[in-house]
Amino acid sequence: MGRVVGIDLGTTFSLIAYMDQRTNEPKCIRGPYDSPLCPSIVSAKLDGKVIVGEPARRRLLTHPARTIYSVKRLMGRGVADVQDELKLFPFRIDPDGGNVIRVRLGEKLFTPPEISAYILRELKSWAENHFKETVDRAVITVPAYFNDAQRQATKDAGRIAGLDVLRLVNEPTAAALAYGLHKQKRGRVAVYDFGGGTFDISVLKLVATGEGDIYQVLSTNGDTHLGGDDIDNALLDLARKEIHAQFGIKLDPRGEAVQELRKELIRVKHELSAENETVVQFPLGPKGMYVRTIGRTEFEALIQPIIARTMTPVKMALADAKFVPADIEEVVLVGGSTRIPVVRKTVGDYFHRPPHCELDPDQVVALGAAVQADILESGVKTMLLLDVTPLSLGIETMGGVVAKIIPRNSTIPASAQEMFTTGVEKQTAIDVHVLQGERELAKDCRSLSRFQLKVAPGPAGLARVEVKFLIDANGILQVAARDLRTNEQQTVEVQPSYGLSDGEIERMLEESLEFAERDISERQLIEARNEAETILQATIKTLGDPRARELSAEESTEIQESIARLRVAMVGTDYKLIRDKIDGLNEATMHLAEMLMNSTLQSALQGKRLEDV
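On to the overall build of the protein, then. Summing up its helical and strand segments, the protein has 15 helices and 28 strands in all. Seen through its C-alpha atoms, the protein measures out along the principal axes to roughly 105 × 65 × 55 Å. Out of the 613 residues belonging to the protein, those deemed buried represent 53%. Across the protein, the fraction of contacts at a sequence separation of at least 24, relative to all contacts at a separation of at least 6, is 67%.

Here's what the structure looks like:
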């Protein structure tokens, strides 16, 4: 078996982490661009190749119709669910996709789990490069308020990426794991998780016992369509209206110019977290330049309604846990959007205490996932995680009413059963319609699955049908219905209305294996170019050293020619040729390196002699 890792599959960035056995601390793995943050962006090239992360982010400006970001907001959702958001995205949804969303990137169609699988596969390759061995198992985090369909879509993505998903862990719970390990704190903790596309609040109790630590989630709430993207969109909406009013230009929301403007406004958002004022500058070609100063006060007023939306779930989660703000002993901030000062102030004012942000809010969820992965891998008995299901589960009964079988915030794994009967004379089957949500009527809740159970015909009310719900540790549901008179039984692992079929997953898995070799070549090319760039910069800097003048004319010429050959190779797509030219440059600069080393040693020895004197 290969390595096990923890993965934060985020809206804006994704990360992968592991437990360092030497230090007993979780650590994030850095990718080929020397950052642990992998942009959650996927782009399809003209030749059919799919690229992920930083190279895909660059193509967002040049090929917006072939590039997708924030795919997490589409996971486990139907076309009707995302109509309002599609106006803000440059990518297009296939109108003939049926229940499952299919995104068109150029000539090809991709489902959200398939796109997420590309991101997971990229992270998997980071880890395999780091460990020099196979990575085949993972704990993946999801927003606490993800419903069954969204959780199933995340598991599907892991399967397509070639990962055995050991557990789905709620993001705030993962953050609490990392925080509890880091601070050695215990007590009542609220985790406020405001990310790029989702918002979650979880209330936990961290208890130390004689046998170890218990992390018990008491309640959770949130909004899977609320995050930093909404702040970006508010800024974008303001700028587009002003540009239209001042210059008469109506920017196409799907065009390259809007993506350039979005990039500029994200910079503004980041700057206003540190500065009181900044300037937006955006060229409009012959029409001139859109320039305007924006202060932190104006920015905070613009985003106040978005921040206010986060506080409703906070109040509901506290009420479900039967707490008031003063009962909370620690508040932990998670997610990049919590870097905004007014967010921190709003949370601090509500809980009457400064929130904790010592751990990097971008990394803390991945670190917690690594802790949970280590618990599952090593069978550690000194740490127990008790999570909850975010939404109530039930079935439709006569009149379209929902009978709730497992209420929200029930500790998982969980099981419950209810007895039902027939409502019509000589009824031969019962429709079991599985629903998720808090509303009283079936039409207002999310449909998860439908199936039929045959029953022996008889008078209305005679049949006795036991319906049993079982939620596993991932928050995914199994439903069993049994006629107690005939012992007829049917069990289904709920396949959400917006989920992929097993056949589709198998096809995607086969494609991922088919293109694996090409994907590896693409990675090797990126890594070779990165290494070449680093060596070129170091060589050019060294040539500027006065001691380099002692080189012979032949050596100087050979180094300059080796630099030129490497630059030419970097333009091409043959990573082996780039590696060859790197070796050539290393060989050409060997004497120069020896000269500098000798000179440094002589200077050090002379300094030592002077000290001795």
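Now that the structure has been shown, the text picks up again.
Bringing the sheet that holds strand 8 (residues 92–93) into the picture now. Spatially, the 3 strands line up as an open sheet ordered 8-9-10, and their pairing is antiparallel. The sheet is open, and its two edges are formed by strand 8 and strand 10 (108–110), each paired on a single side. When strand 8 meets strand 9 (residues 103–105), the two strands line up antiparallel, connected through 2 bridges. Residue pairing across strands places R92 opposite R104, the latter belonging to strand 9. Against the sheet, helix 3 (residues 112–131) makes contact with strand 9 and strand 10, and its axis sits at roughly 90° relative to strand 10, the strand it touches most.

Two descriptors summarise a pair of aromatic rings, namely the distance from one centre to the other and the angle between the planes of the rings. If you walk through the whole model with that rule in mind, you get 6 aromatic pairs. Note on Y18 and F131: the rings are 5.1 Å apart at their centroids and 85° apart in plane angle, and the pair reads as edge-to-face. Within this pair, whereas Y18 is found in strand 2 (residues 13–20), its partner F131 is found in helix 3, the two being separated by 113 residues in sequence. Neither Y18 nor F131 differs from the other in exposure class; each is buried. On the basis of an interplanar angle of 80° and a centroid distance of 6.3 Å, the ring pair of Y192 and F194 is categorised as edge-to-face.

In this section: the sheet that holds strand 21 (residues 401–406). Pairing in this open sheet of 4 strands is antiparallel, and the strands run 21-20-24-25 from one edge to the other. Of all the strands in the sheet, just strand 21 and strand 25 (446–454) have a single pairing partner and so form its edges. Ignoring which end each strand starts from, the neighbouring axes of this sheet average 30° apart. Summarising the sheet, strand 20 (residues 393–397) and strand 24 (residues 429–436) pair through 3 bridges and their orientation is antiparallel. Across the sheet, residue I395 finds its bridge partner in strand 24, namely V434.

Along its 14 residues, helix 14 (residues 575–588) runs 20 Å from first to last C-alpha, staying within 8% of the 20 Å computed at 1.5 Å per residue. You can read the cap of helix 14 off the contacts: a side-chain oxygen lies 3.0 Å from the backbone nitrogen of K576, and it is on D574.

Our focus in this paragraph is the environment of F194. Within the secondary structure, F194 is located in strand 13 (residues 187–194). In this structure the C-alpha to C-alpha distance between F194 and P172, which are 22 residues apart in sequence, comes to 9.9 Å.

Moving on to the domain arrangement of the protein. Domain boundaries assigned for the protein yield domain 1 (3–227 + 305–386), domain 2 (228–304), domain 3 (393–499) and domain 4 (503–612). For domain 1 versus domain 2, the distance between C-alpha centres works out to 27 Å. Interface of domain 1 and domain 2: buried area, both sides summed, is about 2,200 Å²; carbon and sulfur atoms make up 53% of it. Counting every contact that joins domain 1 to domain 2 gives 2 salt bridges. Among the ionic pairs, D230 bridges to R73, the shortest N-O distance being 3.4 Å. Between domain 1 and domain 2 we count 15 residue pairs in polar contact (both at pLDDT 80 or more) in total. When residues of the side of domain 1 that touches domain 2 are traced back to their parent elements, those giving at least two are helix 1 (54–62), helix 8 (296–320) and helix 9 (341–351). No other element matches helix 8, which puts 4 residues into the side of domain 1 that touches domain 2. In the side of domain 1 that touches domain 2, the residues fall into 18 nonpolar, 10 polar and 4 charged.

A separate point is the pattern of salt bridges. One pass over the full model with this rule turns up 33 salt bridges. For R339, the salt bridge identified is with D362, shortest N-O distance 2.7 Å. Here the residue R339 occupies a position in the loop between strand 18 (330–334) and helix 9, and D362 occupies one in the loop between helix 9 and helix 10 (364–378), the gap between them amounting to 23 residues. Take D362: its relative accessible area is 19%, and that puts it in the buried class. Measuring nitrogen to oxygen at the nearest pair gives 2.8 Å for the salt bridge that ties K345 to D349. Taken as a pair, K345 and D349 lie in helix 9 at a separation of 4 residues, close to a single helical turn. Looking at K345, the relative accessible area reads 53%, which means it is exposed. Owing to a relative accessible area of 46%, D349 belongs among the partly exposed residues under this scheme. Through salt bridges with shared partners, a single network forms among D20, R22 and K27.

Reading guide: rules and limits
Residues numbered from 1 in each chain as written. Predicted model: local features only at pLDDT ≥ 70, side-chain atom pairs only at ≥ 80, totals over all residues. Heavy atoms only, no water. Helix = DSSP H or I, 4+ residues; strand = E, 2+ residues; numbered from the N terminus. Buried < 20%, exposed > 50% of the residue type's maximum accessible area, 1.4 Å probe, protein only. Contact = heavy atoms within 4.5 Å. Pairing = 2+ DSSP bridges. Axes fitted to C-alpha atoms, helices over the stretch in contact; angles between N-to-C directions. Phe/Tyr/Trp six-rings, centres within 6.5 Å; stacked < 30°, edge-to-face > 60°. Expected span 1.5 Å × (residues − 1). Polar contact = N/O pair within 3.5 Å; in protein donor to acceptor, adjacent residues only side chain to side chain. Domains from an automatic or database assignment. Buried area = accessible area lost by both parts, 1.4 Å probe. Salt bridge = Lys/Arg side-chain N within 4 Å of Asp/Glu carboxyl O. Nonpolar A, V, L, I, M, F, W, Y, C, P; charged D, E, K, R; others polar.

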